[in-house]
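# Report on the structure
Chain by chain, the residues run as shown.
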Amino acid sequence: MQSIEFDCKASFVPVSDTGYFSNLVIDYLNNNENLKPFFDFELNNEGLLAAIEKRRTFPVDREKLVSVIQEQYKDLELSKITENNIISILQENTFTVCSAHQPNLMTGYMYFFYKIIHSVKMAQHLKRLSPNDNFVPVFFIGSEDNDFDELGHFKYNGKLYQWATEQTGAVGMMQSDENLQNLIESLFSILGPLGINEKSLKQTIRKAYKSGNSIAKAKQIFINELLGFMGVLAIDFNEHSLKDSFKNIIKKEILDPKAFELVKEASSQLQENYKAQAFFRPINLFYLNNGIRERIEKVDNQFVVMNSELIFSDKEIELEIDEKPEHFSPNVILRGLYQESILPNIAFIGGGSEVAYWMQLKKVFEYYNVFYPMIILRQSGLIMDEKTDELRLKLDLNIKDIFLRTNELVYNLIEKEKVKNWSLANYKNIIELWEEEIKEKLSKLDNNLNVSVISSLTKVRKQFDVLEKKINHSIKIKKEIEMNRIQSFKDHAFPNDSLQERYETFMPFYLEYGSRVFKDILANCSIFGDQFLILTYRTFQLET
């Protein structure tokens, strides 16, 4: 009896050679002098060790943190490594590596898993660097985000699945309802291929989105079910006790905000060479309660919750912060500050836009005397199946070439064919020689004739341009098979000429390869995120 198995080959391309990352990110990876004022630790092992030593001097309330984690995990089945990681946080020599993301349905795009798995890889690497310490990968569930238009849908097999709900406010606090259950059943009707992975995925989805579960709890269950064997802890930080530890900063940022000016100053400096990422306001906190998450603004010496009837005086809002700190939600400017106030964190793993906005925040951390972690570009990746890789080989594309946009590949194909057989370049060169020769000859007769020479040859050049377009069109017809291959390859590997990780969810890959795909990402993840990972799978038959 035979069974189908997979062989996986890993290839790498420097992030700087892909054309998909900003100048700021590339310069950060290269330790450019322009960015040195905006971070604390260089991207190398020495920087990591320096971060560990500095972090030791910034204590956190470990007992409170573990108590919250244990409460959130009490009904989940935990791997041994997850159990050990939770308990180990009580120890002063245990530190975390953090990643974060919004509470998208079905986890959102594939890069969600790249960033979390990268945190596992970094934790393992740190353990080898500093064997007397412990390192735990932690995922910060961005449960307070209220951008439902972005978070309330997912795609599978080219179809958009949109959750219709009347719930409002923070998406992570919304609950799985009948409409979401129906949406999931609609997904299940076409989920495939059928088999062990399909059954496992359905079981995980049903468990995560059980009726009544919050979307934040669903995210936690997803991570525990799929990545629990790696020891990842997914924590919902929207907790009274955790916000209570942060309330002094909340109070200062409401009553006497400092982050606005500090980030504004850093952004101004960054914009001398780069585009600043995060948008900042005088008050960088939302009011979060009873189905709302709305900005707080100061109007005529009162604090107004936008799009509501809530208004607070100084004393009233201070009392609200003291008694209900969970009613205050940090935006992107303060979220990292909150994270680092609660976690004994060494490094933050984030995408290109996250790296960019963290570059704006260092002065805020310094002002509030909060540890500013090492910022690490998350792993980026591409997964190719056998058919897609065969298309690549037929097109004679090396691993670096695949990052060219579709129009660039088409242009290269046409130019290659033209140079080989149909180029007009030599004839154009002849025209240039004619122009000089005729002008020189006729100038002896009448200088005014030069204008006529230029005019006549300009018309010839235009006719050559028309002819060249016709040649390109004919080559496209002649090369129809290759053109179709280019389009088919890009549709699979770079849909819409975007990175696969920003277009596809994890589901197609999990259905095909199961948890093996997560293990392969972990095994080949680059420590500092400077290498783009390409995983190529091929099938083979195994006798059983």
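See the structure shown above.
Residues numbered from 1 in each chain as written. Predicted model: local features only at pLDDT ≥ 70, side-chain atom pairs only at ≥ 80, totals over all residues. Heavy atoms only, no water.

On a plain count of helices and strands, the protein comes out with 22 helices and 15 strands. For the protein, the proportion of its 544 residues judged to be buried stands at 52%. Looking at the protein alone, contacts between residues at least 24 apart form 77% of all its contacts between residues at least 6 apart. Element-wise, carbon and sulfur atoms account for 49% of the exposed surface of the protein, whose accessible area totals about 25700 Å². One way to put it: in the protein the 65 positive side-chain charges average out to a point 5 Å from where the 77 negative ones average out. (Helix = DSSP H or I, 4+ residues; strand = E, 2+ residues; numbered from the N terminus. Buried < 20%, exposed > 50% of the residue type's maximum accessible area, 1.4 Å probe, protein only. Contact = heavy atoms within 4.5 Å. Areas by Shrake-Rupley, 256 points an atom, 1.4 Å probe, with all protein chains shown as cover. Lys, Arg positive; Asp, Glu negative; His and termini not counted. Charge placed at Lys NZ, Arg CZ, Asp CG, Glu CD.)

Take the side chain of Thr 505 next. Structurally, Thr 505 can be placed in the loop between helix 20 (480–493) and helix 21 (507–513). At 3.2 Å, the side chain of Thr 505 and the backbone nitrogen of Met 507 are in polar contact. Setting aside residues up to four positions removed in sequence, Thr 505 forms contacts with Gly 108, Tyr 109, Met 110 and Lys 155. (Polar contact = N/O pair within 3.5 Å; in protein donor to acceptor, adjacent residues only side chain to side chain.)

Below, the discussion takes up helix 12 (residues 314–323). All of the buried residues along helix 12 are Ile 317, Glu 320 and Ile 321. Viewed along the axis of helix 12, the buried residues span an arc of 100°, placing them on a single side of the element. Buried positions along helix 12 lie against helix 10 (240–255), strand 7 (285–289), strand 8 (292–299), strand 9 (302–305), strand 10 (311–312) and strand 11 (328–330). (Arc of directions from axis to C-beta.)

Let us look at the packing of aromatic side chains. Inspection of the entire model under this criterion finds 33 aromatic pairs. Judged by centre distance (6.4 Å) and plane angle (90°), the ring pair of Phe 6 and Tyr 537 falls under edge-to-face. Pair noted here: Phe 6 is in strand 1 (residues 2–14) and Tyr 537 is in strand 15 (residues 531–543), with a separation of 531 residues, a long-range link. A single burial state applies to Phe 6 and to Tyr 537, both of which are buried. Judged by centre distance (5.7 Å) and plane angle (90°), the rings of Tyr 287 and Phe 328 are edge-to-face. (Phe/Tyr/Trp six-rings, centres within 6.5 Å; stacked < 30°, edge-to-face > 60°.)

Reading across the sheet, the five strands line up as 10-9-8-7-11 and stay open at both edges, with antiparallel pairing between neighbours. The open sheet has two edge strands, strand 10 and strand 11, and neither has a second partner. Sheet topology places strand 8 next to strand 9; four bridges connect them, and they run antiparallel. Each bridged residue has a counterpart across the sheet, and for Glu 297 the counterpart in strand 9 is Val 304. Lying on the sheet, helix 10 is in contact with strand 7, strand 8, strand 9 and strand 11; it crosses strand 11 at an angle near 80°. (Pairing = 2+ DSSP bridges. Axes fitted to C-alpha atoms, helices over the stretch in contact; angles between N-to-C directions.)

Before going further, it helps to examine the packing of helix 16 (residues 386–394) against helix 20. Close contact between helix 16 and helix 20 brings their axes to 9 Å; oriented N to C, the two are set at 140°. With respect to their mutual orientation, helix 16 and helix 20 come out oblique. With respect to the hand of their crossing, helix 16 and helix 20 are arranged in left-handed fashion. Between helix 16, through Thr 388, Leu 391, Arg 392 and Lys 394, and helix 20, the contact on the second element is made entirely by Arg 485, Ser 488, Phe 489, His 492 and Ala 493. (Parallel < 35°, antiparallel > 145°, perpendicular 65-115°, else oblique. Left-handed = near helix turned anticlockwise from the far one by under 90°.)

Under the definition given, this model contains zero disulfides. Sulfur of Cys 8: no disulfide; nearest cysteine sulfur belongs to Cys 525 and is 13 Å away. By relative accessible area, which is 6% here, Cys 525 ends up buried. (Disulfide = S-S within 2.5 Å.)

What follows concerns the environment of Glu 340. Counting through the fold element by element, Glu 340 comes out in helix 13 (residues 332–342). Among the residues examined, Glu 340 registers a relative accessible area of 1% and is labelled buried. In sequence terms Glu 340 and Phe 58 are 282 residues apart; their C-alpha atoms lie 9.5 Å from each other. Apart from the residues within four sequence positions on either side, Glu 340 is in contact with Arg 55, Val 60, Asn 345, Trp 358, Phe 365, Val 370, Phe 371 and Pro 373. At a separation of 2.7 Å, a polar atom in the side chain of Glu 340 contacts the side chain of Gln 339.

Turning our eyes to something else, we now look at the side chain of Thr 82. Its location among the elements puts Thr 82 in helix 4 (residues 80–88). A polar side-chain atom of Thr 82 sits 2.8 Å from a polar atom in the side chain of Ser 79. Setting aside anything within four residues of it in sequence, one finds Thr 82 in contact with Tyr 73, Asn 224, Gly 228, Gly 231, Val 232 and Leu 233.

Another point: the pattern of salt bridges. In total, this model carries 28 salt bridges according to the counting rule given. Residue Glu 340 pairs with Arg 55 through a salt bridge whose shortest N-O separation is 3.3 Å. Taken as a pair, Glu 340 in helix 13 and Arg 55 in helix 2 (residues 45–55) lie far apart in primary sequence, 285 residues in all. Taking the shortest distance from any N to any O, the salt bridge between Arg 392 and Asp 389 comes out at 2.8 Å. Placement of the pair is Arg 392 and Asp 389 together in helix 16, with a separation of three residues, close to one helical turn. (Salt bridge = Lys/Arg side-chain N within 4 Å of Asp/Glu carboxyl O.)

It is worth spelling out the sheet that holds strand 3 (residues 134–141) at this point. With parallel pairing, the five strands of this open sheet are ordered in space as 6-3-2-12-13. Taken across any chain shown, the strands that pair with only one partner, and hence form the sheet edges, are strand 6 (233–236) and strand 13 (374–377). On average, each strand axis in the sheet is tilted by 30° relative to the strand beside it, whichever way the strands run. Sheet topology note: the strand 2 (residues 94–101)/strand 12 (residues 345–350) ladder contains four bridges and is parallel. In the sheet register, Ser 99 faces strand 12, and the bridge partner there is Ile 349. Running at roughly 165° to strand 2, helix 5 (residues 111–129) makes contact with strand 2, strand 3, strand 12 and strand 13 of the sheet.

With that settled, the discussion passes to the packing of helix 7 (residues 178–188) against helix 8 (residues 196–208). For any two helices packed against each other, one specifies the inter-axial angle together with the distance between the axes. Look at helix 7 against helix 8: their axes get within 11 Å of each other, and the N-to-C directions meet at 175°. Our classification of the angle between helix 7 and helix 8 gives roughly antiparallel. Only Lys 202, Ile 205 and Arg 206 of helix 8 make contact with helix 7, whose side of the interface consists of Ile 184, Glu 185, Leu 187 and Phe 188.

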